[in-house]
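# Coordinate analysis (summary)
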Amino acid sequence: MQISESNLMKHLQFLCSRAGSRPIGTEGNEMAASYIEQVFHSAGLEVESQIFECPRWQIDEVFVEINNQRISGIRANTSSMSCDVVTFVSPLSTIGELEEADLTGKIALLYGGLTKEPLTAKGFKIYNPDRDQHIIRLLEEKQPAAILLVYSKLSTLQPLIADWDFHIPSATVSPILGRALLSNIENEVRVRINSTKQIGSTRNIIARKRGTRTTDRIILCAHYDTAFGTPGAFDNASGVAVLLSLAEEFGRRQLEVGLEFVAFSSEEYIGYGDQIFIAHNKLTEDQTIAALNIDGVGQLLGNNTVTVMGGSESLREAVAELADDYRSTIWTNPWYESNHYTFFSHGVPSIPFSCNGITDLIHTEEDTIGWISPERMNDALSLVVRLLIYFNINLHNGAESSTSENRISPYRHG
Ligand SMILES: [Zn+2]
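Residues numbered from 1 in each chain as written. Predicted model: local features only at pLDDT ≥ 70, side-chain atom pairs only at ≥ 80, totals over all residues. Heavy atoms only, no water.

### Points about the pattern of salt bridges
By the definition in use, this model includes 16 salt bridges. Across the pair Arg210 and Glu46 runs a salt bridge whose closest N-O atoms are separated by 2.9 Å. With Arg210 in the loop between β9 (189-209) and β10 (217-223) and Glu46 in strand β1 (residues 46-66), the pair connects residues that are 164 residues apart, well separated along the chain. Glu46 sits in the partly exposed class, given a relative accessible area of 38%. With its nearest N and O atoms 3.8 Å apart, the salt bridge here joins Arg190 to Glu65. (Salt bridge = Lys/Arg side-chain N within 4 Å of Asp/Glu carboxyl O. Helix = DSSP H or I, 4+ residues; strand = E, 2+ residues; numbered from the N terminus. Buried < 20%, exposed > 50% of the residue type's maximum accessible area, 1.4 Å probe, protein only.)

Next comes the structure, spelled out in structure tokens:
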């Protein structure tokens with residue numbers, strides 16, 4: 001294994017195994033933040049922490065009892081309130097049924113058209129379909145004692161609601177449990193959710209390397225937070241490992257163009273981290289050449305992907321040409337999510353690095369290091385490095401770096 005590959009794996013290992021799951025407001029999140037900060041410091045960079053308040057939620061117990069028997073296949077929705085209710089279930093599969101239902105004191109059992117997709121959190125500004133807002137509004141009007149949402153797949157349960165500002169206790173249940181509940185609407189059932197909700201804190205960590213020729217900078221970013229209950233190897237310890245290796249690569253070099261490394265938090269929860277970053281860094285007035293976001297790279301059974309959102313045609317061509325040298329890397333369509341979307345929507349040319357492969361690994365406990373290939377991660381790292389060289393040399397009035405010492409070597413170790 002090359003040194004850069006083992007270095008990537010070292011970072012990946014720390015994030016997934018030592019820090020573990022890293023949702024905002026948790027110890028794992030703080031542990032990852034301290035680690036990232038320390039790596040940035042050791043790399044010789046100026047480091048700033050952008051601390052902000054966030055939900056701190058913990059789940060201690062969740063179960064359903066039908067005829068005094070606990071049935072498996074339930075998962076509390078992220079940020080759910082606590083409850084302990086014994087009452088009747090009211091099954092609902094369409095917005096029409098929901099509109100007509102009287103849910104006072106009942107357990108709403110949502111399935112079919114109502115649970116085809118997760119319900120977007122109320123505070124999520126980027127993408128919030130009318131359908132989701134309508135369903136949430138109806139549920140808030142009708143105030144059931146609890147809500148159970150039937151997951152529409154037989155695979156690992158994913159919470160169908162993750163909303164700090166939604167105050168009705170809720171959980172996601174497997175199709176098998178959903179079926180059992182549906183055939184027991186004559187009987188009272190018990191739903192117990194025992195959770196704690198507090199205010200916590202998290203932070204974006206920003207590390208800067210000033211350029212010698214210009215105050216313009218290139219932003220390199222990756223989010224280090226995860227969803228609940230996942231070690232988040234692919235999403236997104238892989239991206240953070242690449243970001244940290246880049247910081248180590250460039251931290252002590254003389255660069256003509258500045259670099260800013262941003263380890264974002266709260267990407268998984270309504271993009272708080274981005275909102276805080278934008279509030280403190282006025283991008284439109286700043287000279288931001290481009291933002292490179294690394295979110296989920298290096299899957300063993302996948303291809304790294306890259307695309308360009310915004311910017312010039314020549315930038316697009318240059319990135320495509322560089323990517324062409326990596327046989328397993330493919331060009332993909334723009335995707336309007338993650339941290340690069342924030343930069344793109346503020347007019348900064350944005351380049352997301354990601355990966356196809358086993359897509360439903362994401363946000364599950366299965367998202368472990370075993371799915372990550374050190375070689376593939378190193379390919380992503382190497383492509384970013386080559387792209388930085390392209391920017392450094394070509395983007396400013398065509399000025400070439402004056403001496404070969406100023407030039408960045410594309411590969412770290414030969
Ligand atoms: Zn991600």
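### So, helix α4 (residues 130-142)
Under the 1.5 Å per step criterion, the end-to-end length of α4 is 18 Å for 13 residues, consistent within 8% with the ideal 18 Å. Buried residues in α4 make contact with α3 (95-100), β6 (107-110) and β7 (146-150). A positive phi of about 45° marks Gln143, the residue just after α4. (Expected span 1.5 Å × (residues − 1). Contact = heavy atoms within 4.5 Å.)

### A closer look at the sheet that holds strand β5 (residues 89-92)
Pairing between the strands of a sheet is mediated by backbone hydrogen bonds and can be parallel or antiparallel. Strand order in the open sheet made by the five strands is β3-β8-β7-β6-β5, with mixed pairing throughout. The open sheet has two edge strands with one neighbour each: β3 (74-76) and β5. Strand after strand, the sheet turns through a mean of 25° between neighbouring axes, direction not considered. Bridge analysis of β3 against strand β8 (residues 170-173) gives three bridges, and the strand direction is antiparallel. Its bridge partner being in β8, Ala76 is matched across the sheet by Ala171. (Pairing = 2+ DSSP bridges. Axes fitted to C-alpha atoms, helices over the stretch in contact; angles between N-to-C directions.)

### Section: helix α8 (residues 313-324)
Residue pairs three or four apart in sequence face the same way in an α-helix, which turns once every 3.6 residues. The first and last C-alpha atoms of α8 sit 16 Å apart over twelve residues, in line with the 16 Å expected at 1.5 Å per residue. Among the residues of α8, those classed as buried are Leu315, Ala318, Val319, Leu322 and Ala323. All buried residues of α8 lie within an arc of 130° about the axis, which places them on one face of the element. Facing away from the buried side of α8, by more than 90 degrees, are the exposed residues Glu313, Glu321 and Asp324. (Arc of directions from axis to C-beta.)

### Some remarks on the packing of aromatic side chains
What the rule picks out here adds up to eleven aromatic pairs. Seen in terms of ring centroids, Tyr336 and Phe344 are 5.9 Å apart; in terms of plane orientation they differ by 55°. Their pairing is tilted. The exposure class of Phe344 is partly exposed, given its relative accessible area of 28%. A connected cluster of aromatic rings, assembled from ring pairs, spans Phe264, Phe277 and Phe343. Note that Arg70 overlies the ring of Phe63, its terminal NZ or CZ placed 3.5 Å from the centroid. The positively charged end of Lys197 is found above the aromatic ring belonging to Trp164, 4.6 Å away from the centroid. (Phe/Tyr/Trp six-rings, centres within 6.5 Å; stacked < 30°, edge-to-face > 60°. Lys NZ or Arg CZ within 6 Å of the ring centre and 35° of its normal.)

### What to know about the environment of Trp371
Here Trp371 is to be found in the loop between β15 (350-355) and α10 (374-394). For Trp371, a relative accessible area of 27% puts it in the partly exposed group.

### Things to note about the confidence of the model for the protein
Averaged over all residues, the pLDDT of the protein equals 92, while 94% of them reach at least 70. In the predicted structure, residues 395-414 sits below a pLDDT of 50 and forms 41 contacts with residues beyond four places in sequence or in another chain. (pLDDT = per-residue confidence, 0-100.)

### Notes on the coordination of the zinc ion
Looking at the zinc ion, the protein donor atoms are His223 (NE2), Asp235 (OD), Asp295 (OD) and Asp295 (OD), and they sit 2.0 to 2.8 Å from it. Of note is the zinc ion, whose four donor atoms meet at the metal with angles of 49 to 144° in an arrangement that counts as irregular. When the donor residues of the zinc ion are listed from N- to C-terminus, their spacing reads H-x11-D-x59-D. Taken together, the residues His223 in strand β10 and Asp295 in the loop between β12 (288-294) and β13 (304-306) connect sequence positions 72 residues apart. This pair shows no difference in class: His223 is buried, exactly as Asp295 is. (Donors = N, O, S within 2.8 Å, 3.2 Å for Na, K, Ca; no water. Tetrahedral: all angles 85-135°; square planar, octahedral: opposite > 155°, others 65-115°.)

### A look at the packing of helix α1 (residues 3-19) against helix α6 (residues 233-250)
One can describe the packing of α1 onto α6 by two numbers: an axis separation of 8 Å at closest approach and a directional angle of 130°. Considered as vectors, α1 and α6 are oriented oblique to each other. Once α1 is placed against α6, the crossing between them reads as right-handed. Residue-level inspection shows Asn7, Leu8, Lys10, His11, Leu12, Leu15 and Cys16 of α1 in contact with α6, the latter providing Ala233, Ala237, Ser238, Val240, Ala241, Val242, Leu244, Ser245 and Glu248. For the contact of α1 with α6, the class distribution of residues is ten nonpolar, four polar and two charged. (Parallel < 35°, antiparallel > 145°, perpendicular 65-115°, else oblique. Left-handed = near helix turned anticlockwise from the far one by under 90°. Nonpolar A, V, L, I, M, F, W, Y, C, P; charged D, E, K, R; others polar.)

### Looking at the environment of Val86
One can find Val86 in strand β4 (residues 83-87). As for Val86 and Asn187, which are separated by 101 residues in sequence, their C-alpha atoms are 9.8 Å apart. For Val86, the contacting residues outside a window of four places in its chain are Glu188, Val189 and Arg190.

### Brief notes about the pairing of β10
Where burial is concerned, most of β10 is hidden: seven out of the seven residues are buried. Residue alternation in β10 divides its side chains into two sets, Arg217, Ile219, Cys221 and His223 and Ile218, Leu220 and Ala222, and both sets are buried. After leaving β10, the chain enters α6 and then returns to the sheet as strand β11 (residues 258-264), a path that is right-handed. Pairing of β10 with β12 involves five bridges; the strand directions are parallel. Across the sheet, Cys221 pairs through a bridge with Asn293, a residue of β12. (Right-handed = clockwise from strand over helix to strand, strands pointing away.)

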